[in-house]
Amino acid sequence: MSTRTLVSPLALSRRRGKAVYWSVFAGVVLLFALAFLFPVYWMVTGAMKSPDEVTRTPPTLVPDQWHLTGYTDAWDLMDLPTHLWNTVVQAAGAWLLQLVFCTAAAYALSRLKPAFGKVILGSILATLMVPAQALVVPKYLTVADLPLIHTSLLNDPLGIWLPAVANAFNLYLLKRFFDQIPRDVLEAAEIDGAGKLRTLWSIVLPMSRPVLGVVSIFALVAVWQDFLWPLMVFSDTGKQPISVALVQLSQNIQLTVLIAAMVIASIPMVLMFLVFQRHIIAGISAGSTKG
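The text that follows walks through the structure, step by step, so that each part is easy to find. No experiment lies behind these values; they were computed from the predicted model shown.

What follows concerns the packing of aromatic side chains. If you walk through the whole model with that rule in mind, you get 5 aromatic pairs. Seen from their ring centres, Tyr107 and Phe178 are 6.3 Å apart, and the 85 degrees between their planes marks the pair as edge-to-face. Of this pair, Tyr107 sits in helix α5 (residues 80-112) while Phe178 sits in helix α9 (residues 168-180), and the two are 71 residues apart along the sequence. Each member of the pair, Tyr107 together with Phe178, is buried. By way of ring pairs, the aromatic residues Phe38, Tyr41 and Trp42 are connected into one cluster. We note Lys49 situated over the ring of Trp42; from NZ or CZ to the ring centre the distance is 4.3 Å. Just above the ring of Trp229 sits the side chain of Lys139; from NZ or CZ to the centre is 4.5 Å.

Here we take up the packing of α5 against α9. Across the interface, α5 lies against α9 with an axial gap of 8 Å and an inter-helix angle of 45 degrees. Comparing the axis directions of α5 and α9 gives the class oblique. Viewed along their axes, α5 and α9 form a crossing whose handedness is right-handed. Counted together, Gln98, Cys102, Thr103, Ala105, Ala106, Tyr107, Leu109, Ser110 and Arg111 of α5 and Asn170, Leu171, Leu174, Lys175, Phe178, Asp179 and Gln180 of α9 form the full contact between these two elements. Tallied by class, residues from the contact of α5 with α9 come to 8 nonpolar, 5 polar and 3 charged.

Okay, the side chain of Ser208 next. As for its placement among the helices and strands, Ser208 is situated in the loop between α11 (196-207) and α12 (209-225). Look at Ser208 and you get buried, because its relative accessible area is 0%. With residues near it in sequence (within four places) discarded, Ser208 still touches Phe177, Phe178 and Ile181.

The grouping of Val20, Val24, Val28, Phe32, Phe36 and Leu37 at the surface amounts to a nonpolar patch, some 620 Å² of accessible area in total. Along the chain, Leu37 falls in helix α2 (residues 15-46). Owing to a relative accessible area of 56%, Leu37 belongs among the exposed residues under this scheme.

Two elements in contact, helix α6 (residues 117-126) and α9, have axes whose closest approach is 9 Å; the angle formed by their N-to-C orientations is 140 degrees. By the angle class used here, α6 and α9 are oblique. Here the hand of the crossing between α6 and α9 comes out left-handed. Within the contact between the two elements, α6 uses Leu121, Ile124 and Leu125 and α9 uses Ala168, Leu171, Tyr172 and Lys175.

Let us now look at the environment of Ile149. Take Ile149: it is sitting in the loop between α7 (136-144) and α8 (158-165). The exposure class assigned to Ile149 is exposed, which follows from its relative accessible area of 56%.

Right, let's get into unusual backbone geometry. Here the residue pair Thr57 and Pro58 is connected by a cis peptide bond, since its omega of 0 degrees sits within 30 degrees of zero. Mapped onto the elements of the fold, Pro58 is located in the loop between α3 (51-54) and α4 (69-77). One non-glycine residue, Phe116, adopts positive backbone phi at about 60 degrees. As for its position among the elements, Phe116 is in the loop between α5 and α6. We note that Asn155 has phi near 60 degrees; this positive angle belongs to a residue other than glycine. Classification of Asn155 by relative accessible area gives partly exposed; the value is 22%.

Time to look at the pattern of salt bridges. Enumeration over the complete set of coordinates arrives at 2 salt bridges. For Arg56, the salt bridge goes to Asp64, with nearest N and O atoms at 3.1 Å. Of the residues examined, Arg56 reaches a relative accessible area of 38% and is grouped as partly exposed. A salt bridge links Asp179 to Lys175, with the shortest nitrogen-to-oxygen separation between them at 2.9 Å. Highlighted residues: Asp179 and Lys175, both in helix α9, separated by 4 residues, approximately one helical turn. Given a relative accessible area of 13%, Lys175 falls into the buried group.

Calculation criteria
Residues numbered from 1 in each chain as written. Predicted model: local features only at pLDDT ≥ 70, side-chain atom pairs only at ≥ 80, totals over all residues. Heavy atoms only, no water. Phe/Tyr/Trp six-rings, centres within 6.5 Å; stacked < 30°, edge-to-face > 60°. Helix = DSSP H or I, 4+ residues; strand = E, 2+ residues; numbered from the N terminus. Buried < 20%, exposed > 50% of the residue type's maximum accessible area, 1.4 Å probe, protein only. Lys NZ or Arg CZ within 6 Å of the ring centre and 35° of its normal. Axes fitted to C-alpha atoms, helices over the stretch in contact; angles between N-to-C directions. Parallel < 35°, antiparallel > 145°, perpendicular 65-115°, else oblique. Left-handed = near helix turned anticlockwise from the far one by under 90°. Contact = heavy atoms within 4.5 Å. Nonpolar A, V, L, I, M, F, W, Y, C, P; charged D, E, K, R; others polar. Patch = residues over 30% accessible without salt bridge, like charges linked within 9 Å, V, L, I, M, F, W, Y side chains within 5 Å. Areas by Shrake-Rupley, 256 points an atom, 1.4 Å probe, with all protein chains shown as cover. Salt bridge = Lys/Arg side-chain N within 4 Å of Asp/Glu carboxyl O.

Now the structure itself:
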């Protein structure tokens, strides 16, 4: 059965047809590339303009004079190394705990078949219907006075780590992937004498690298770009992440310095996407198809 496309194979076999096809294709790709890259260019070059030029109307496409002092001032005046390190600590802890607990819960629901497993999974998925804003006050009251031990997690990375562990979407994504693992592979491991934990560590996790990659990206980005919750947890300026510090310290800072700080703050996430972008499609597609 042949596949129908906008351009017929007969037209593509001709020289003129190929020229028109590749010209249109290259134009569309170039247009989308410019649409996505131009804001990045505008932000990077905006930090290199003078304070007067960046607010000029109409704006200049290329800086009249290139200034790198915006980046150096942002690095020093806004104490970016401290806030970037705070963000790395908070994101890394939330990622590690979420990966451990979500993987364990998803494996239990998928392969261990606990009693009332479907009810538990349904209850977990029901939390996705609750707006995140509705959970802010209960979470804050819980973190401010942790039940049973009555201790406060304010100004503590645990205040970011513990709420991030309960992520229903990532748990469901992992469970869907574990459901697709062939039963023959797990039965072979059981025949060889592997227990449940050994099967998870030696068989399931190595096969789950694509979905673990996409879950890792989601977990890191969620913490890195979060603003409201870290703002409530960290009243100590020296412990605030970069997302909160940029707002708190922007009152008496020049616009070019603030733009430079935003560029620096976005570099880690951009690099992560460039390195791990293939895991996003691979992980989602692997968890949504049978086989």
